[in-house]
Amino acid sequence: MSESINNREHRQEVMKDIIKQLHDGKTVDDVKDQFDETFGSVSAAEIGAVEQALIREGMPVSEVQRLCDVHASVFKGSIEEIHQSEDPSIIKGHPAHILKEENREIEKIIKEDIEAYLDDLSSKKNIKKLKQGLEKLSKIDIHYSRKENLFFPYLEKYGITGPPQVMWGVDDEIREAIKRVRQILDNGISDEEVFKTKVKDLINSVNEMIFKEENILLPMLVDELTQ
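Residues numbered from 1 in each chain as written. Predicted model: local features only at pLDDT ≥ 70, side-chain atom pairs only at ≥ 80, totals over all residues. Heavy atoms only, no water.

Novice: Got a minute to help me understand the packing of helix H5 (residues 95–118) against helix H9 (residues 192–224) in this structure?
Specialist: The geometry of a pair of packed helices is captured by two quantities: the angle between their axes and the separation between those axes. Running from N to C, H5 and H9 cross one another at 165 degrees; their axes reach a closest spacing of 11 Å. Taken together, H5 and H9 sit at an angle that is classed as roughly antiparallel. For H5 against H9, the interelement crossing comes out left-handed. Residues Ala 96, Leu 99, Lys 100, Asn 103, Arg 104, Ile 106, Glu 107, Ile 110, Ile 114, Glu 115 and Leu 118 of H5 form the contact with H9, whose participating residues are Phe 195, Lys 196, Val 199, Lys 200, Ile 203, Val 206, Asn 207, Ile 210, Glu 213, Glu 214 and Leu 218. (Axes fitted to C-alpha atoms, helices over the stretch in contact; angles between N-to-C directions. Helix = DSSP H or I, 4+ residues; strand = E, 2+ residues; numbered from the N terminus. Parallel < 35°, antiparallel > 145°, perpendicular 65-115°, else oblique. Left-handed = near helix turned anticlockwise from the far one by under 90°. Contact = heavy atoms within 4.5 Å.)

And the structure:
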């Protein structure tokens, strides 16, 4: 038992070191080999524990939040491998099923109602369609609010506070990004390339959150909560 605990603590320390290296300016490629050498697999619960430990040791939530996309990309392959057989989303009506169905709808809105009209901004029709697509995407607030107000309190009840704080912060950034690009459209686009970059950054953030919800949050909920 002590060996198992020591090994777990060692793995956590190495994971914390990797995240701190990223914090100090190293790239994903710089730390990828160290991660692959140390871990054959990693659980979502361990990632959550590391985030929580960093916050408990004094790293501001905003700093962990800033690293969220970076360390998610480092851990991505391992998370997918170990959770491929744990899929409560196949149970119709299960909260995981609903969350993933909503994510598929979000992806559809991005592809069919935003990306489809982003290339040609000289067309009034495209601008109108883009406005409608971003209005649809703004409904993501309902999806995020349900996650924040239904899932997060249960995690916090079990002492898991770090990951919800980080994820909520990123949700708020996405909400703000949607508002900003909608305001630019309403006021008139002054620089098409800058606008396109902002929209593409927004899309990337939304897609990264979909990954985190399905490969970090949901496994954590399944591990920690009863049905």
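Novice: What am I meant to see in the environment of Ala 177 here?
Specialist: With respect to the helices and strands, the residue Ala 177 is situated in helix H8 (residues 162–187). Spatially, the C-alpha atoms of Ala 177 and Leu 202 are 6.3 Å apart, while their sequence positions differ by 25 residues.

Novice: Explain a negative patch on the surface here, please?
Specialist: On the surface, a cluster of negative charge is contributed by Asp 29, Asp 30, Asp 33, Asp 36 and Glu 37. For Asp 36, the location among the structural elements is in helix H2 (residues 28–38). (Patch = residues over 30% accessible without salt bridge, like charges linked within 9 Å, V, L, I, M, F, W, Y side chains within 5 Å. Areas by Shrake-Rupley, 256 points an atom, 1.4 Å probe, with all protein chains shown as cover. Salt bridge = Lys/Arg side-chain N within 4 Å of Asp/Glu carboxyl O. Lys, Arg positive; Asp, Glu negative; His and termini not counted. Charge placed at Lys NZ, Arg CZ, Asp CG, Glu CD.)

Novice: Any chance you could explain the layout of surface pockets here in plain terms?
Specialist: Here the idea is plain: a probe the size of a water molecule rolls over the atoms and shows the empty space left. Looking at the largest pocket, its volume works out to about 540 Å³. Lining of the largest pocket is provided by 22 residues; of these, His 94, Pro 95, Ala 96, Phe 151 and Leu 221 occupy positions nearest its centre. Mapped onto the lining of the largest pocket, the elements with two or more residues apiece are H5, helix H7 (140–157) and H9. Take the lining of the largest pocket: its biggest share by element is 7 residues, from H7. The class makeup of the residues in the lining of the largest pocket is 14 nonpolar, 4 polar and 4 charged. (1 Å grid on protein atoms, 1.4 Å probe; cavity = no way out; pocket = protein on both sides within 12 Å on 5 of 7 lines; lining within 4 Å. Points joined across faces, edges and corners; volume = space filled by probe spheres on them. Nonpolar A, V, L, I, M, F, W, Y, C, P; charged D, E, K, R; others polar.)

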